[in-house]
Amino acid sequence: VQAGNPDLEPQQAWVFEAAYERRFWGSGAIVFTVSHSELSDVIDRAPALAPDGGVFDAPANIGSGYEQEFQVNLTLPLPRFGLRGAQLKGEVEWEHSRVTDPTTGEKRRISGSRPVEWEAAFTQDIPSWKVTWGVEAYGGWRETYYRFNEIQDRKLKTFVVPYVDWKPRPDITIRAEIDNATERGFHSTRYRYAGPRDVAGLQHVDDRDLQVGRYFYVRIRKTL
């Protein structure tokens, strides 16, 4: 059973951030960003006691903590590599966080935080064919949620979308794309305990691996 919390306070943070940007090859650029956040009234999950002695899981302010991020953004023009009108853009982010688990008293990550995330996009314009084509990729991620009697691990695999845009006329665009070309799936593992995790043993594990197929699209857009 899960409950709400009308007394929930907004999470607060002091954020310290520094960035370095380097431009090159005309439109090329690389940006490094590092940040540190001192958090208070962190919103997560915690056990809540009912008047009859029952225990529920509810959102709660679980105290202070911190979050650290390091991010790299890259814009890379590719004519120097023989690909006229082509560009590669990418972003990767590493995150580290720490709070005190309200059930066990141990240090852990904030629920739902992702250690690594990334995405990349390649595009190329071919004016003589009136075509733009490219590939977009969204990296897989992992996140963990902590409840007083359960830990849930979620993993999403890499998502890839190749596409082609053709403009036979200035007012018409025809797009063909393949969504989820890598047939990305979702993996969920739930560790269920017989009671609060600090005193009860593991009761059972629910492991699910969901696979999703490819999607093919053709879209026609007319500008009026």
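Preceding block: the structure.
Residues numbered from 1 in each chain as written. Predicted model: local features only at pLDDT ≥ 70, side-chain atom pairs only at ≥ 80, totals over all residues. Heavy atoms only, no water.

1. Looking at the sheet that holds strand β15 (residues 202–211)
To keep things clear, this is the line we draw: Two strands pair if DSSP finds at least two bridges between them. Strands here mean DSSP runs of E at least two residues long; helices mean DSSP runs of H or I at least four residues long; both are numbered from the N terminus. What counts as an axis is a line fitted to C-alpha atoms, over the stretch in contact for a helix, and the angles between N-to-C directions run from 0 to 180 degrees.
Spatial strand order, β10-β11-β14-β15: 4 strands in an open sheet with antiparallel pairing. The open sheet has two edge strands, β10 (141–147) and β15, and neither has a second partner. Mean inter-strand twist for the sheet, computed between neighbouring axes without regard to direction, equals 10 degrees. Bridge analysis of strand β11 (residues 150–156) against strand β14 (residues 185–193) gives 7 bridges, and the strand direction is antiparallel. Paired with Leu 156 across the two strands is Phe 186, which belongs to β14.

2. Describing the packing of aromatic side chains
Our working rule: Pairing of aromatic side chains here covers Phe, Tyr and the six-membered ring of Trp, requires ring centres within 6.5 Å, and sorts the geometry by plane angle: under 30 degrees stacked, over 60 edge-to-face, intermediate tilted. Remark: a charge is flagged as sitting over a ring if the NZ atom of Lys or the CZ atom of Arg is within 6 Å of the ring centre and within 35 degrees of the ring normal.
Inspection of every chain in the model, using the stated rule, returns 6 aromatic pairs. Here Tyr 138 and Phe 159 contribute two aromatic rings whose centre-to-centre distance is 6.3 Å and whose plane-to-plane angle is 45 degrees, an arrangement assigned as tilted. Of this pair, Tyr 138 sits in strand β9 (residues 131–138) while Phe 159 sits in strand β12 (residues 159–169); the two residues are 21 residues apart in sequence, bridging distant segments of the chain. Here the aromatic cluster, defined as three or more aromatic residues joined through ring pairs, consists of Phe 24, Trp 25 and Phe 81. One residue, Arg 114, lies across the ring of Trp 141, its end atom 3.8 Å from the ring centre.

3. Here's the deal with the side chain of Glu 150
Let me state the cut-off plainly: Whenever a nitrogen or oxygen atom comes within 3.5 Å of another N or O atom, the pair is scored as a polar contact, on the condition that within protein one atom can donate a hydrogen and the other can accept it, and that pairs from neighbouring residues in sequence are kept only if both atoms are in side chains. In what follows, a contact means two residues having at least one pair of non-hydrogen atoms within 4.5 Å.
Relative to the assigned elements, Glu 150 resides in strand β11. In terms of polar contacts, Glu 150 uses its side chain to reach the side chain of Arg 192, at 2.9 Å. Every residue in contact with Glu 150, bar those within four places of it in the chain, is listed here: Tyr 145, Arg 190, Tyr 191, Arg 192, Tyr 193 and Arg 197.

4. Concerning the layout of surface pockets
Cut-off, in case you're wondering: In the cavity and pocket records, a cavity denotes points on a 1 Å grid over the protein atoms alone where a 1.4 Å probe fits but cannot get out, a pocket denotes an open set with protein on both sides within 12 Å along at least 5 of 7 lines, and lining residues are residues with an atom within 4 Å of a point. Grid points are joined across faces, edges and corners, and a volume is the space filled by probe spheres set on the points.
What the largest pocket holds in volume is close to 150 Å³. Of all the secondary-structure elements, those providing two or more residues to the lining of the largest pocket are β6 (86–100) and β8 (116–126). The element contributing the most residues to the lining of the largest pocket is β8, with 3 residues.

5. A few points about the pattern of salt bridges
Here is the rule we go by: Salt bridge, as applied in this entry: a Lys or Arg side-chain nitrogen positioned within 4 Å of an Asp or Glu carboxyl oxygen. For every residue, the accessible area (1.4 Å probe, protein chains only) is compared with the maximum for its type, and the residue is labelled buried under 20%, exposed over 50%, or partly exposed between those bounds.
Under the criterion given, the structure shown has 20 salt bridges. A salt bridge links Arg 109 to Glu 95; its shortest N-O distance comes to 3.5 Å. Here the residue Arg 109 occupies a position in the loop between β7 (107–108) and β8, and Glu 95 occupies one in strand β6, the gap between them amounting to 14 residues. Across this residue pair, the class does not change: Arg 109 and Glu 95 are buried. With a shortest N-O distance of 3.0 Å, Arg 169 and Asp 171 are connected by a salt bridge. Look at the salt bridges and you will find they share partners, linking Asp 44, Asp 101, Arg 108 and Arg 197 into a network.

6. Some thoughts on a nonpolar patch on the surface
As a reminder of what qualifies: Patch rule: a residue counts if its relative accessible area is over 30% and it has no salt bridge; like charges are joined within 9 Å, and nonpolar side chains (Val, Leu, Ile, Met, Phe, Trp, Tyr) within 5 Å. Here, Shrake-Rupley sampling with a 1.4 Å probe gives the accessible areas, and only protein chains in the shown set may cover a residue.
A contiguous nonpolar surface patch, about 620 Å² in accessible area, is contributed by Tyr 20, Phe 32, Val 34, Phe 70, Trp 94, Val 116 and Trp 118. Counting only elements with at least two residues in the nonpolar patch, the list comes to β2 (28–40) and β8. The exposure class assigned to Val 34 is partly exposed, which follows from its relative accessible area of 44%.

7. Section: unusual backbone geometry
Within the chain, Lys 130 stands out as a residue other than glycine whose phi angle is a positive 60 degrees. With respect to the element layout, Lys 130 can be found in the loop between β8 and β9. The exposure class assigned to Lys 130 is partly exposed, which follows from its relative accessible area of 47%.

Structural measurements only, silent on function.
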